[in-house]
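# Fold and contact review
One letter stands for each residue in the lines below.
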Amino acid sequence: MKALSGSRFNALWLVLVAVMIATRFKHFGDMLHLPDASMAVFFLGGLYLRRHWTFVAMVLLAVALDWVSISYAGVSDFCVTLAYSFLPLAYAVLWYAGRWYAPRVDQGALSLLGAFCVAVVAAVLSFAVSNGSFYWLGGRYAQPHMAEYLSRLWQWGPLFVRTTISYVAVALVLHAVIARMASASAAHEKEA
């Protein structure tokens with residue numbers, strides 16, 4: 001897939017920023033709360049935006065949103081430990097997996113299926129980094145051990161991965177629809 005033009009890059013970046021802001025914390029109340037799309041945003045950012053500085057900007061946005069959530073929205077700071085410093089690495093797993101796969105993306109169903117599969121693997125690895133660092137370095141468990149860690153990994157991992165890949169699946173379906181519409185429009189213009 002070719003790199004996005006300036007206006008398309010900016011538009012997609014704004015959409016991803018808006019999605020992260022809208023889903024990062026419960027600022028609209030429980031009725032309208034969507035699951036956090038941040039991890040999917042990082043994968044999609046790598047897939048479509050690719051630029052390193054954009055990754056850094058998105059990490060800074062995530063940290064700023066967490067700070068606002070904790071300072072002003074009453075969100076618990078339970079997860080803010082030494083392990084929080086590993087979140088950029090968890091985000092990087094997603095971003096750079098998307099960035100790695102980006103040249104292989106085209107309008108074909110197989111390339112989009114490939115993107116989905118890469119997103120699944122990246123989400124699993126990202127969760128292992130974030131959850132593992134929290135469990136082993138967060139200081140919240142008096143006597144951490146592997147059996148308890150694996151139990152918690154299996155307890156929370158499927159929800160995390162399912163949420164991430166659900167958002168990615170929606171984005172890839174939108175990608176397919178938009179690509180098909182663009183192809184149909186181009187074919188129609190050639191005939192005219």
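So, a few notes on the structure that sits alongside this text. Throughout, a residue's number is its position along its own chain's written sequence, starting from 1. Two thresholds apply to this predicted model, a pLDDT of at least 70 for residue-level local features and 80 or more for giving and counting side-chain atom pairs, whereas whole-chain, interface and lining totals are computed over all residues. The basis for the side-chain values is all heavy atoms of the structure; hydrogens and waters are excluded.

## Looking at the packing of helix α3 (residues 52–72) against helix α4 (residues 87–101)
Look at α3 against α4: their axes get within 11 Å of each other, and the N-to-C directions meet at 145 degrees. Taken as a pair, α3 and α4 cross one another with a handedness that is right-handed. Touching H52, T54, F55, M58, V59 and A62 of α3 are P88, Y91, A92, W95, Y96 and R99, all from α4. Interaxial angles span 0 to 180 degrees and are taken between N-to-C directions of axes, which are lines fitted to C-alpha atoms, for helices over the stretch in contact. Secondary structure elements are taken from DSSP: a helix is a run of H or I of four residues or more, a strand is a run of E of two residues or more, and numbering for both begins at the N terminus. In this scheme the handedness of a crossing depends on how the near helix is turned from the far one: anticlockwise by less than a right angle means left-handed, clockwise means right-handed. Any two residues whose heavy atoms approach within 4.5 Å at even a single point are treated as in contact.

## Thoughts on the packing of helix α2 (residues 38–49) against α4
Contact geometry of α2 with α4 gives a least axis separation of 6 Å together with a crossing angle of 35 degrees. Like other packed secondary-structure pairs, α2 and α4 cross with a definite hand, here right-handed. Where α2 abuts α4, its residues M39, F42, F43, G45, G46, L47 and L49 lie against L87, Y91, L94, W95, A97, G98, R99 and Y101. The residue classification treats Ala, Val, Leu, Ile, Met, Phe, Trp, Tyr, Cys and Pro as nonpolar and Asp, Glu, Lys and Arg as charged. All others, Gly included, are polar. In the contact of α2 with α4, the residues fall into eleven nonpolar, three polar and one charged.

## Let's talk about the nonpolar core
Among the nonpolar cores identified, the biggest contains 49 residues, and M20, F42, F43, L44, L47, M58 and Y91 are the most heavily contacted of them. Mapped onto this core, the elements with two or more residues apiece are α1 (6–24), α2, α3, α4, α5 (109–137) and α6 (146–191). The residues contacting L47, other than those within four sequence positions of it, are M1, G98, R99, Y101, A102, V105 and L172. To define a nonpolar core, start from buried Ala, Val, Leu, Ile, Met, Phe, Trp, Tyr and Cys residues and group those joined through side-chain atoms within 4.5 Å. The rule is simple: take the accessible area with a 1.4 Å probe, protein chains only, and divide by the maximum for that residue type; under 20% is buried, over 50% is exposed, in between is partly exposed.

## Quick look at the packing of aromatic side chains
What characterises a pair of aromatic rings is the spacing of the ring centres plus the angle enclosed by the ring planes. Classification of ring pairs rests on two measures: the distance between centres of Phe, Tyr or Trp rings, Trp counted by its six-membered ring, which must be within 6.5 Å, and the angle between planes, read as stacked under 30 degrees, edge-to-face over 60 and tilted in between. Applying the stated criterion across every chain yields a total of ten aromatic pairs. When the ring of F55 is compared with that of W95, the centres are 5.6 Å apart and the planes differ by 55 degrees; the resulting orientation is tilted. Of this pair, F55 sits in helix α3 while W95 sits in helix α4, and the two are 40 residues apart along the sequence. We note that F55, like W95, is buried. For the ring pair F127 and F160, a centre distance of 5.0 Å and an interplane angle of 40 degrees mean the geometry is tilted. Highlighted residues: F127 in helix α5 and F160 in helix α6, separated in sequence by 33 residues. Summarising the burial analysis for this pair, F127 and F160 share the class buried. Cluster of aromatic residues (ring-pair linked, three or more members): F42, F55, Y91, W95 and Y96. Cation placement over rings: the criterion is NZ of Lys or CZ of Arg within 6 Å of the ring centroid and within 35° of the ring normal. Just above the ring of F9 sits the side chain of R51; from NZ or CZ to the centre is 3.9 Å. The side chain of R104 reaches across the aromatic face of W100, ending 4.2 Å from its centre.

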